[in-house]
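Geometric and topological summary
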Amino acid sequence: MLENFLPAYLEEVVGDRFGRYSKYIIQDRAIPDVRDGLKPVQRRILYAMYDSGNTPDKPYRKSAKTVGDVMGNYHPHGDSSIYDGMVRMAQPWKMGHVLVDGHGNWGSQDDDPAAAMRYTEARLSHIALELLRDIDKRTVPFKDNFDNTAMEPVVLPARFPNLLVNGVSGISAGFATEIPPHNLREVIDACVALMEKPEMTLDEIRMFIKGPDFPTGGIIMGEDGIRQAYETGKGRIYLRSKTEIESLRGGKQQIVITEIPYQVVKSRLVTAMESIRLEKKVEGIAEVRDESGRNGLRIVVELKKDADAQGILAYLFKKTDLQVTYNSNMVAIVKKAPRQLGLKAMLEAYIAHQREVVTFRTQYDLEKAEDRSHVLEGLVKALNILDEVIAAIKASKNRQDAQKNLEWMFGFTERQADSILALQLYRLTNLEITALQKDLDELQKKIAVLRGILESDKKLIAVIRKELVEIRDKYGVDRRSVIQDEIEELKVNLEVIVSQEDVLVALSNEGYIKRTSMLSFTRSGGELETSGVKDGDYIKHLFEVNTLENILVFTQRGQYFLLPVHQIPEFKWKDNGTAIVNVIPLSKEDRIISVIPVKSFDEEGISLVFVTKQGQVKRTELKEYETKRSGAVAACKVGPQDEVVSVQVSHNNQDIVLITEQGMSIRFNEQEVNSMGRVAGGVKGITLKDNDNVATAIWVEGDEGELLVITDLGYGKRSLLLDYPIQSRGGKGVQTFEFKEGKRVKPNGNALIKAFHTKEALELVLITEAGEAHVISSEKSPIDDRKSIGKQLVPLQKQEKIIDILHKQGNEIN
C-alpha cells in the first residue's frame, strides 16, 4: 500500500482530539442527565443489576460479579471506576436514599475505603427499582452497547426526581457540577404542584422545597445563597455541625458534636481539633474524643475548668471543618448539552421526562390490551357458534387448513383463528365461557381508561401525580438538615486564642524584637541592662504590655504595621530575639521610628501626632489606625525628601515644642493642628532655615520645669520652660541653643540630637557611634539661658559622636 502523508497543523489536530475527548467526558462520564440524575456509570450499574435479576427480593450477590457484568456488557473502563461508583451509591452518608443495598464493609464516614469487590456483596435497593420501573414497557430509548452485542438504556424511567433527591458532584473538561441532595417529600410535593400549575414562580416552589437536605444533617445557613442557587444554578451556603454545650461535674463543660457537614471526613475533623489542642492554638481544650458508634455520630471536646465554651466553639467553627462553605453549581446534561439550571428548570425537565415515560408506557399497555381484547373477542364469538367451528375443524386436513377454514368461513382473523385452535377443552365449560366474557368486559374498560390518559393531559398528570405520591408516602423521610436564614458571623475573642499574660516587648536599634515573660526577666536578674543583644546593638524600645494588646509600629516613610503582642515570638530575656522582618513585612529601605502599645482603639480624646524632618505636623484620632491588615498601611503622607522623625500619643490638651538640629525651637498649642484623616500630610509646624531639620518634638503643659537639650558631642544645658513663649505654629521660633564657632574654639556640637522636658531628675542613656552607653542624670546639666552654649555632660573621644539618647523609666524606654 502506498502511504500518503498529509500536512496537519498541531493546534488543529490537538484541538480536534481534545474537542472529541471533552465531548465524551461531558456527555458520557462526569455530568448527570437532567432526567434521571445519573452519570452513565451509575445508570449502567443499576441496569446491569436489574438485567441480571440482582433485585431486593433475592439474596445478595458478589460485587465482583456485578462489576464484571457492567464492564463486559456496557462500560469499557477499569473495574475500579465501576466499583467506586457502586460504593458511592451504597453509602448512606453520601446519598439521600441509597440505590445499592450493600452487605459487608462499604467504607465509613472516616473515609475508610470499602473492602475489595471480591469480599462485598450487593443488590438493588427498593427505591432503585423505582428508577427502573416500567423500563420493559418501551418507556425509554435504548442504544447499542460499545461492541453492538447488547442494548442499554439511554436514560432510566426514574419514577422519582433522583437528580435533586440524591444530588451529584462531578468534574469534566470545562464543566463541573455540584448539586446538593434534597428531601424526597419536598421535591415530590413541588413536582406535583408544578404539574398542576405550570406558571408557578420560584417563590411558590420554595414553599415546598425549603432548601437542600443533607443525609448527614447539620445546620444550613444562608437564605440568600439558597435563593441564588435556585434562581441561577450557582449559590453559596454555609454548613454548620450540630453542637451542644453540656455541663459536667466540677464546673467543667464539654462540646458535643452529633452531626457534621456533608462530605466532611470525620477522622480528619477530629485530628484537626486535636492539633489545635496540642499546638495550644486555643487555651482551654482538655481532650478531644470520637465516641461514635452504633448509636450514631458523637464527637466530644472536653474543656478545662472555667474555659470559655462559646468562644472555643466559635474558634473551632472558624478554623476547622466544623463549619464549611458549600457551593452549589447545578449543571446537568439537557438534550445532549451541559446546562446550568435553576430549580424550576430542573423540575420542568423531570416532569417533561415523566410525561414521556407515562405516555410511552400507556401506549405499550394499550397495544397489549387491544391485542388481548382482539383474541378474547374471537374466543367468545367461537364459543357462541361452537358446533359449527368444531365441524369446520374436523373437516380440515391439518392445522394450517383448519386455520384457513376458520378465517374463510367465519371471518376470524389469523390471530383469532390461531388462538381458537390453541384452545384447551376445559375452556368449553360454562364457567370458563362466563370468565372469558368477564375478562373481555374488564379489558374494554381498561382500554377506555388507557385511551383517556393518552387523549387528556389532565388524566396523564393525575396518573403521574398518583404514582409520585405513592413513592413519597412509601420512601419519604423527615428533613434532616435544619435551615437558618441568617449567617451567624463568627467572632472569636482574643482571650480564647491567647492566654492573658503581662510580658516585656523589646525592640533593638538594629531591629531585633522579642517577647519575654516577666518570669524570665526576673530570673535573669530583673535588670534592663542584662538583655541579650548583638554586639554594638542596644534596646531602643521596651514596653510592659499584655498579650491581648497590640503594638503600632511606625516607619520613617509614613507607614505603620499593627502587630498583636501574642504574635511576637517568645524568647528568654538573655536571647537576642528575631529580626523584625520575620514578623512584619518591613521593606529594606525603611526604618522604624516609633513603637506605641495600644490597649484599645476606642478610647476617646486620644490622638497620634506625627512630626516630620521638614517641620510638618499632623494629628489624627487613634481609632483611625485600627486595622485587620497584617501588611504595611499608610499612616501619614510624607514628601519625597521628607521623613517622619516622631510619632507620639497625645491627649489633645498640651503644647508641642519642636526642636531643630540647628538649635531653633517653637512652642504652640496642639489644638492649632486640626485633627485630620489617616493619610493626610499635615500642616507646617515650623519654618526652617536652609540645611536645618527638625530633630525631635516634646509635649509640655504649663510653665513648670526646664527644657534639656543635648548635642551630638555630648554638650547639654537646661533652660526654663517659662522662657519659651507660646507662639502660632508655622513661625521661625526662638533659639534654644548656641553652637560655638571659630577655628580656635573647641566645638560644643554640630546638631541637637534630642530634647527632654524635666521637672525632676531623669536618668538618660547616651549612645555613641561605637555602641557605647553613657548613663547620666539630667541634673548634671546646668540651668542657663536659652541661647547659652551648654556644658559637656560626657567625655567623648576625638571624632566620637552621640547618635541616640534614651530615657529610662521603670520597665519602659522612650
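What you are looking at is a predicted structure, and each value in this text was computed from that prediction instead of being measured. (Residues numbered from 1 in each chain as written. Predicted model: local features only at pLDDT ≥ 70, side-chain atom pairs only at ≥ 80, totals over all residues. Heavy atoms only, no water.)

Moving on, we get to the overall build of the protein chain. Check the secondary structure of the protein chain and you find 19 helices and 41 strands. In terms of overall dimensions, the protein chain is more spread out than a globule: its C-alpha atoms have a radius of gyration of 44 Å, far above the 28 Å expected for 814 residues. Structurally, the protein chain occupies a C-alpha span of about 160 × 70 × 65 Å along its principal axes. Relative to its full complement of 814 residues, the protein chain shows a buried share of 49%. In the protein chain, 71% of the contacts between residues at least 6 apart in sequence involve partners at least 24 apart. (Helix = DSSP H or I, 4+ residues; strand = E, 2+ residues; numbered from the N terminus. Rg over C-alpha atoms; globule rule 2.2 N^0.38 Å. Buried < 20%, exposed > 50% of the residue type's maximum accessible area, 1.4 Å probe, protein only. Contact = heavy atoms within 4.5 Å.)

Cross-referencing UniProt, the feature "site: Transition state stabilizer" (unreviewed entry) maps to Arg 118 in the present numbering. Mapping Arg 118 onto the fold places it in the loop between β2 (100-103) and β3 (121-124). Residue Arg 118 is classed as exposed on the basis of its relative accessible area of 53%. Apart from residues lying up to four places away in sequence, Arg 118 is in contact with Lys 62 and Ala 64. (UniProt positions renumbered as here; feature names shortened; annotations may be inferred.)

Another point: the sheet that holds strand β21 (residues 550-555). Backbone hydrogen bonds are what pair the strands of a sheet, in a parallel or an antiparallel way. If you trace the 4 strands from one edge of the open sheet to the other, you get β24-β21-β22-β27, paired in antiparallel fashion. In this open sheet, the two strands that pair with only one neighbour each are β24 (592-598) and β27 (633-634). One ladder, built from 6 bridges, connects β21 with β24; its direction is antiparallel. Bridge pairing links Ile 551 to Pro 597 in β24. (Pairing = 2+ DSSP bridges.)

Here we come to the pairing of strand β7 (residues 176-179). Bridging between strand β6 (residues 168-171) and β7 involves 4 bridges; their strand directions are antiparallel. Opposite Ile 171, over in β7, you have Ala 176 as the bridge partner.

Quick look at the nonpolar core now. Counting residues in hydrophobic clusters, the biggest one holds 105 residues, and the most contacted among them are Leu 46, Leu 99 and Leu 347. Considering every element that reaches this core, the biggest residue donor is helix α7 (residues 184-196), with 9 residues. The next biggest cluster of nonpolar side chains, apart from the first, holds 20 residues, and it includes Ala 382, Leu 383, Ala 392 and Leu 440. (Core = buried A, V, L, I, M, F, W, Y, C linked by side-chain atoms within 4.5 Å.)

A word on the UniProt feature "coiled-coil region" (unreviewed entry) in the protein chain. As recorded in UniProt, the feature "coiled-coil region" (unreviewed entry) lies at residues 426-453. With 86% helix and 0% strand, the stretch residues 426-453 has end C-alpha atoms that lie 37 Å from each other.

Here we take up the side chain of Asn 54. Relative to the elements of secondary structure, Asn 54 occurs in the loop between α2 (40-51) and β1 (61-62). The residues touching Asn 54, leaving out its near neighbours within four places in the chain, are Met 49, Pro 59, Arg 61, Thr 66, Ala 122, Arg 123 and Leu 124.

What follows is about the pattern of salt bridges. Scanning the entire structure with this criterion turns up 49 salt bridges. Of the charged contacts in the structure, one is a salt bridge between Glu 467 and Arg 133, with a shortest N-O distance of 3.4 Å. One end of the pair, Glu 467, is in helix α17 (residues 457-475); the other, Arg 133, is in the loop between α5 (126-132) and β4 (142-144), with 334 residues separating them in the sequence. Accessibility expressed as a relative area gives 10% for Glu 467, which makes it buried. Here Asp 371 makes a salt bridge to Arg 415, at a shortest N to O gap of 3.0 Å. Here Asp 371, found in helix α12 (residues 343-384), pairs with Arg 415, found in helix α15 (residues 414-421); they are 44 residues apart in sequence, far enough to count as distant. (Salt bridge = Lys/Arg side-chain N within 4 Å of Asp/Glu carboxyl O.)

What describes a pair of aromatic rings is the distance from one ring centre to the other and the angle between the planes of the rings. Following the criterion strictly, the structure yields 14 aromatic pairs and no others. Seen from their ring centres, Tyr 47 and Phe 142 are 5.8 Å apart, and the 70° between their planes marks the pair as edge-to-face. Of this pair, Tyr 47 sits in helix α2 while Phe 142 is found in strand β4, placing the two residues 95 residues apart along the sequence. Given a relative accessible area of 29%, Phe 142 falls into the partly exposed group. (Phe/Tyr/Trp six-rings, centres within 6.5 Å; stacked < 30°, edge-to-face > 60°.)

On to the environment of Ala 579, then. Relative to the assigned elements, Ala 579 resides in strand β23 (residues 578-579). Linking Ala 579 and Gln 310, residues 269 residues apart in sequence, is a C-alpha distance of 37 Å. Not counting residues within four places of it along the chain, the set of residues in contact with Ala 579 comprises Gly 511 and Tyr 512.

Before going further, it helps to examine the sheet that holds strand β25 (residues 607-612). Strand order in the open sheet formed by 4 strands is β28-β25-β26-β31, with antiparallel pairing between adjacent strands. The open sheet is flanked by β28 (644-650) and β31 (683-684), the only strands paired with a single partner. Sheet analysis places β25 next to strand β26 (residues 616-621), joined by 5 bridges and oriented antiparallel. Each residue of the ladder has a partner; that of Ser 607, found in β26, is Glu 621.

Our next topic: the packing of α7 against α17. Remark: α7 packs on α17, axes separated minimally by 9 Å, with the N-to-C direction vectors making an angle of 170°. In terms of orientation, α7 lies roughly antiparallel with respect to α17. Like other packed secondary-structure pairs, α7 and α17 cross with a definite hand, here left-handed. Of α17, the residues touching α7 (which contributes Leu 184, Arg 185, Ile 188, Asp 189, Cys 191, Val 192, Met 195 and Glu 196) are Ile 461, Ile 464, Arg 465, Leu 468, Val 469, Ile 471, Arg 472 and Tyr 475. In the contact of α7 with α17, the residues fall into 11 nonpolar, no polar and 5 charged. (Axes fitted to C-alpha atoms, helices over the stretch in contact; angles between N-to-C directions. Parallel < 35°, antiparallel > 145°, perpendicular 65-115°, else oblique. Left-handed = near helix turned anticlockwise from the far one by under 90°. Nonpolar A, V, L, I, M, F, W, Y, C, P; charged D, E, K, R; others polar.)

It is worth spelling out the environment of Arg 515 at this point. Structurally, the position occupied by Arg 515 is in strand β19 (residues 512-517). For Arg 515, a relative accessible area of 11% translates into the label buried. The spatial distance from the C-alpha of Arg 515 to the C-alpha of Gln 567 is 9.1 Å, given a sequence separation of 52 residues. Beyond its immediate stretch of four places on either side in the chain, Arg 515 contacts Val 503, Leu 504, Thr 547, Val 565, His 566, Ile 568, Pro 569, Glu 570 and Phe 571. Of note is the side chain of Arg 515, whose polar atom sits 3.4 Å from the backbone oxygen of Val 565. (Polar contact = N/O pair within 3.5 Å; in protein donor to acceptor, adjacent residues only side chain to side chain.)

A separate point is the packing of helix α14 (residues 399-410) against α15. Axis separation between α14 and α15 bottoms out at 9 Å; the angle between their running directions is 125°. With respect to α15, the axis of α14 lies oblique. The hand of the α14/α15 crossing is right-handed. The segment α14 lies against α15, with Arg 399, Ala 402, Gln 403, Leu 406 and Glu 407 engaging Glu 414, Ala 417, Asp 418, Ile 420 and Leu 421. Each residue belonging to the contact of α14 with α15 can be placed in one class, and the counts come to 5 nonpolar, 1 polar and 4 charged.

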